[in-house]
Amino acid sequence: GVKIPNLSRAALKVFHTRYYGGRLTTTWVYSSLTDKYMKRALQRGLNRNPVERQCDAVLMIDDLAVLPVPFFTYYDSSWDMLISAVENANTLAALRAITPSIQARRRERQIAVYERATGIIAFSRWHARSLVEQSGVPPEKVHVVSPAIKGHLEGGSANELGERKLRRPLVKREGRRRRLLFVGRQHQSYDFYRKGGDLVVAALAILRRDYDPQMTLTIVGLSDWPLPGSPPDGVRMLGVLPPDKVAGLYDSHDLFVMPSRLEPFGLVFAEALARGLPCIARNACAMPEIVTPGISGALISSDDEHELAAAIAAALANDALYYSCHARAAALAAYFSWERTAADITQVISQGLHSLV
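Here we summarise the structure given alongside this text. (Residues numbered from 1 in each chain as written. Predicted model: local features only at pLDDT ≥ 70, side-chain atom pairs only at ≥ 80, totals over all residues. Heavy atoms only, no water.)

## Regarding the side chain of Thr-73
Here is step 1 of the chain: Among the structural elements, Thr-73 can be located in strand 4 (residues 71–75).
Here is step 2 of the chain: In contact with Thr-73, not counting residues within four places along its chain, are Met-60, Asp-62, Val-113, Tyr-114, Gly-119, Ile-120 and Ile-121. (Helix = DSSP H or I, 4+ residues; strand = E, 2+ residues; numbered from the N terminus. Contact = heavy atoms within 4.5 Å.)

Laid out in structure tokens, this is it:
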């Protein structure tokens, strides 16, 4: 990876700070100066003790740079994929507080990196299709490897995560089910809307009126209430929590609800299901690859809060769904391990290097 020292990072931020859309913002992560810094840092790493390092290939997260050795990228999305998920390219640029010209340059740069890469590893089949159909990457260069649940979710090393999940008893969630959970870190102001948080709040009002007045919603990942007014009755905001605290919430709630309008992968669904917690997601993006209706939860198809409320009520009352999630949790936790992810990626890299011979 590339770690940019705090002083250099601060200088880049200041140099690229400007007013956009009536507010002060910085585009340093999209700048050519940052690109050059990262490329030089990566090349210095490759040139340091080359015999000792014996570097056959480089695996990078996203499209950091074009390198003089075989390299592979691993990420959950691309510019083409993100643009296709909104009304038009200008909409995405506005959401990210950048100009359409900056966005166009980043897309062109990304395509150039893809052309030189030995292989592109996507998080999901949805992303893989986009790489081929929208970005023009040859199919033989595209591979799919699902990521792992973060090793620090419950504390300890990644190697211990799967074993710990298998050892810890799963909650059966018997009796009245009424506790909803939403976990979505708000990196930018539009993230709560992107993850469907507004829709969940609207559905909760319907559920408390027509289904159960004691229904509650716990929201994690937000420092400030993102909607007009104050949090309504039944909503509890816990702010940004450390991973071990979030892990405990999967066991203390009855249903995970996050009908994202745009979700490149959605590791939180895997985290919830690994604890036997059913999920409500959207029938879009990569979410159907994780959440299977009737087996691990339900998928909605619109922005209608009544559809979401009905899906939540049906899931909470479905004993067979909870039995299924409970029975599949251990195997799913074992699958979303870094050991499996590393083995799959190593195989992709080995095959890619073999094809170059």
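## Focus: helix 2 (residues 32–47)
Residue pairs spaced three or four apart in an α-helix point in one direction, given the helix's 3.6 residues per turn.
Here is step 1 of the chain: Taking 1.5 Å of rise per residue, the 16 residues of helix 2 would be expected to cover 22 Å, and the 22 Å separating its terminal C-alpha atoms lies within 8% of that figure.
Here is step 2 of the chain: Buried within helix 2 we find Thr-34, Asp-35, Met-38, Ala-41, Leu-42, Gly-45 and Leu-46. Here the buried residues of helix 2 occupy an arc of 140 degrees about the axis, which is enough to place them on one side. Opposite the buried face of helix 2, at more than 90 degrees from it, the exposed residues are Lys-36, Arg-40 and Asn-47. (Expected span 1.5 Å × (residues − 1). Buried < 20%, exposed > 50% of the residue type's maximum accessible area, 1.4 Å probe, protein only. Arc of directions from axis to C-beta.)

## Considerations on the sheet that holds strand 11 (residues 279–282)
Here is step 1 of the chain: Spatial ordering of the open sheet is given by 9-8-7-10-11-12, a layout of six strands whose pairing is parallel. Where the open sheet ends on each side, the last strands, each with one partner, are strand 9 (235–239) and strand 12 (297–300). Put simply, the sheet's adjacent strands are angled 25 degrees from each other on average, direction ignored.
Here is step 2 of the chain: As defined by bridge partners, strand 10 (residues 255–257) adjoins strand 11 across two bridges and the pair is classed as parallel. When the sheet's bridge partners are listed, Phe-256 is paired in strand 11 with Cys-279.
Here is step 3 of the chain: The strands touched by helix 10 (residues 197–210) are strand 7 (179–183), strand 8 (216–220), strand 9, strand 10, strand 11 and strand 12; relative to strand 8, the strand with the most contacts, the crossing angle is about 165 degrees.
Here is step 4 of the chain: The strands that helix 11 (residues 243–252) touches are strand 7, strand 8, strand 9 and strand 10; relative to strand 7, the one it contacts most, it runs at about 150 degrees. (Pairing = 2+ DSSP bridges. Axes fitted to C-alpha atoms, helices over the stretch in contact; angles between N-to-C directions.)

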